[in-house]
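Structural overview
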Amino acid sequence: QFHAGAERAKGEVLFFVHADSVLPPSARSTIITAWARAGAVAGSFSLAFDRKHWLLDALAGLSRINHALTTYGDQGLFVWRETYHAIGGYRPMPILEDLEIQHRLRRAGRFVKPPHAITTSSRRYVRDGIVRRQIANSWIVARYLAGASPSRLARGYQPEPEG
């Protein structure tokens, strides 16, 4: 879906965001400022959850670290169109496409993370239990980094219920 959207987009800057995430009011100016200061090729926001809980706040705090293992698709991704195409864009993967593209973007140039947070849904964490959901997510990422196929990993990732 992200790749199809990028192919239809017209602007110089592409911004990818999940449907259950809400941008901070200053998103546009934050992106422009981050690029102007840093000369970055891409970046994302840190994370906030739509529900208050100390464990969710701790996970959100980790998202402020500008590292590939603390940055995922629910934090949004902004990238120059030219860079997006130069690295080959999103690859067709059923899961972890956000981690995969980010690794290529970080190799292509500077990746920035402005201090403003994007707010995302906590429903999976609430549904599954915060600790259990985080362990499951971490286990999926660890297996991917160890070479497991994204198709196989996707089979173990519980889909959202219809509704």
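Reference entry: report on the structure contained in this document. Because the structure is predicted, anything quoted here is derived from the model rather than measured.

About the thresholds
Position labels on residues start from 1 in each chain and follow its written sequence. The predicted origin of the model limits local features to residues at a pLDDT of at least 70 and limits the giving and counting of side-chain atom pairs to 80 or more, whereas totals for whole chains, interfaces and linings rest on all residues. Just so you know, side-chain values use all the structure's heavy atoms and leave hydrogens and water out. Think of it in three bands: with a 1.4 Å probe and only protein chains considered, a residue is buried below 20% of the maximum accessible area for its type, exposed above 50%, and partly exposed in between. Secondary structure is summarised from DSSP: a helix means a run of H or I of at least four residues, a strand means a run of E of at least two, and numbering begins at the N terminus for each. A strand pair is defined by DSSP finding two or more bridges across the two strands. Any two residues whose heavy atoms approach within 4.5 Å are treated as being in contact. Contacts described as polar in this section are N or O atom pairs within 3.5 Å, which, within protein, must combine one atom able to donate a hydrogen with one able to accept it, while residues neighboring in sequence count only if both atoms come from side chains.

1. Some words on the pairing of strand β1 (residues 13-16)
Burial along β1 is one-sided: the face carrying L14 and F16 is buried and the face carrying V13 and F15 is not. Bridge count for β1 against strand β5 (residues 77-80) is 4 bridges, and the pairing is antiparallel. The residue of β5 that forms the bridge with L14 is V79.

2. A word on the environment of I95
When you line up the elements, I95 lands in the loop between α4 (81-86) and α5 (97-108). Given a relative accessible area of 9%, I95 falls into the buried group. Beyond its immediate chain neighbours, meaning those up to four positions away, I95 contacts I140, P150, L153, A154 and Y157.

3. Some thoughts on the side chain of S63
Mapped onto the elements, S63 comes out in the loop between α3 (54-62) and β5. S63 gets classed as buried once you look at its relative accessible area, which sits at 3%. From its side chain, S63 meets the backbone oxygen of A60 in a polar contact 2.6 Å long. Those residues in contact with S63 that lie beyond four places of it in its chain are S46, L47, T70, Q75 and K113.

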